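Residue-level structural notes
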Amino acid sequence: MPEVTVRQGGRASPACPRIRSVLGLARFAAFNLPRLARTPHPVAFLRHTLVVRDPDLMSDLQRAALWALACDRRVEGCVVELGAWIGGTTVCLAAASHLVNGGLVYAVDTFAATDPDCEARVGPYGGSTWEAFQRNVQHAGVAPWVRVHRATTTEAARAWQAQRNGPIRLLFIDANHSYASVREDVENWVPYVAQGGIVAWHDHNEAHPGVMRAVAETVASDVVGNPATVPGLLWAYKR
Ligand SMILES: C[S@@+](CC[C@H](N)C(=O)[O-])C[C@H]1O[C@@H](n2cnc3c(N)ncnc32)[C@H](O)[C@@H]1O
């Protein structure tokens, strides 16, 4: 399975998304000041959130929660992201993890929109999000802290142990949202999460019944406990 270190030297994002980011973030800050004050390293959060955002995929509230999870170092280990798309969440995870000396972020994706949701969105990227991912990660300055597995989540899981990457302190699951795929990601990856480490699922909402069902079963099975949520993002702690 190929492991790729993100190239240096991408070009900057266009100005228009930056303006949208500033406006969106100002609105977010206005409505969420108390929450933002509780966010670890709030100034760094705002700075990194302004650099790369993909509001279509992640709300500001979810991004703030993900940032806080990546800053949580109650257990040692690295961060693994299943489903990176154009790097919006990769940047958030890597910036936060670096800030707390929290280890590398391993981003797993085929970058070929390997699920029906993303297939419908990949047209503007010419059928692959690989170039956009590299550009965004580079532009945000987090490339040194990101390792990419350009593979399916199943292939990457098979190779994980042999690579001796150590325990996972935060597993963020956001690849194929079908019930079977989410179950498979849980079965393949949760065993590598350290006891007390975090498992988080994006798109935990009515629009994605497969995610809701797989998460409910995982929580009920007692593999993870103490679930918490903001709309569309649920996380729990490995038992
Ligand atoms: C919803 S997007 C991820 C969004 C990203 N986490 C964010 O919020 O910025 C889902 C991604 O998962 C990838 N994907 C879907 N199924 C996959 C699989 N079985 N293996 C690897 N990647 C997969 C798609 O290529 C797509 O880039």
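Right, let's walk through the structure included here. Quick caveat: nothing in here was measured; it's all calculated off a predicted structure.

**Section: unusual backbone geometry**
Positive phi is not limited to glycine here, since W85 has a value of about 55°. With respect to the helices and strands, the residue W85 is situated in the loop between β2 (78-82) and α5 (88-99). In the Ramachandran plot, A113 falls in the positive-phi region, its phi being about 50° despite a non-glycine side chain. The residue A113 is located in the loop between β3 (105-109) and α6 (116-119) in this model.

**What to know about the environment of N165**
Along the polypeptide, N165 turns up in the loop between α8 (153-160) and β5 (168-173). Linking N165 and C78, residues 87 residues apart in sequence, is a C-alpha distance of 7.9 Å.

**Here we look at α8**
Within α8, burial applies to T153, A156, A157 and W160. The buried residues of α8 occupy one face: seen down the axis, they fall within an arc of 100°. Elements that come into contact with the buried residues of α8 comprise β2, β3, β4 (146-150) and α9 (179-189).

**Let's talk about the site of the ligand**
Taken together, the neighbourhood of the ligand is formed by 23 residues, with G83, W85, G88, T152 and N176 sitting nearest. Put simply, the parts of the chain that give the shell around the ligand at least two residues each are α5 and β3. The residue makeup of the shell around the ligand, split by class, is nine nonpolar, ten polar and four charged.

**Brief notes about the pairing of strand β6 (residues 193-204)**
Of all the twelve residues making up β6, nine are buried; the element is thus mostly covered by neighbouring parts of the structure. Bridge count for β5 against β6 is five bridges, and the pairing is parallel. Among the inter-strand pairings, L171 is bridged to a residue of β6, identified as V199. Tracing the backbone out of β5, into α9 and back to the parallel element β6 gives a crossover that is right-handed. In the sheet, β6 pairs with strand β8 (residues 232-238) via six bridges, with the strands oriented antiparallel. Within β8, the position partnered with H202 by the bridge is L233.

**Remarks on the packing of helix α4 (residues 60-70) against α5**
At their nearest, the axes of α4 and α5 sit 8 Å apart, and the two run at 40° to each other. Between α4 and α5, the interaxial angle falls into the category oblique. Handedness of the α4/α5 crossing: right-handed. Residues R63, L66, W67 and A70 of α4 pack against T89, C92, L93, A96 and S97 of α5. Of the residues contributing to the contact of α4 with α5, the split by class is six nonpolar, two polar and one charged.

**Focus: the environment of W160**
Tracing the chain through its elements places W160 in helix α8. For the pair W160 and Y192, spaced 32 residues apart in sequence, the C-alpha separation works out to 8.7 Å. Not counting chain neighbours up to four residues away, the residues in contact with W160 comprise N165 and Y192.

**Details of α5**
Note on helix geometry: an α-helix contains 3.6 residues per turn, so any two residues three or four positions apart are oriented the same way. Helix length check: α5 (twelve residues) gives 17 Å between terminal C-alpha atoms against 16 Å at 1.5 Å per residue, within 8%. For α5, every residue scored as buried is listed here: G88, T89, T90, V91, C92, L93, A94, A95, A96, S97 and H98. N101 sits one or two residues past α5 and shows a positive phi near 55°.

**Looking at the pairing of β5**
Most of β5 is tucked away: six of the six residues are buried. Looking at chain direction, β2 and β5 are connected through five bridges and run parallel. What sits directly across from C78, in β5, is I168.

Each value, and the rule that gives it
- Residues numbered from 1 in each chain as written.
- Predicted model: local features only at pLDDT ≥ 70, side-chain atom pairs only at ≥ 80, totals over all residues.
- Helix = DSSP H or I, 4+ residues; strand = E, 2+ residues; numbered from the N terminus.
- Buried ≥ 20, exposed ≤ 12 C-beta atoms within 10 Å, placed from the backbone.
- Arc of directions from axis to C-beta.
- Contact = placed C-beta atoms within 7 Å.
- Near = placed C-beta within 6 Å.
- Nonpolar A, V, L, I, M, F, W, Y, C, P; charged D, E, K, R; others polar.
- Pairing = 2+ DSSP bridges.
- Right-handed = clockwise from strand over helix to strand, strands pointing away.
- Axes fitted to C-alpha atoms, helices over the stretch in contact; angles between N-to-C directions.
- Parallel < 35°, antiparallel > 145°, perpendicular 65-115°, else oblique.
- Left-handed = near helix turned anticlockwise from the far one by under 90°.
- Expected span 1.5 Å × (residues − 1).

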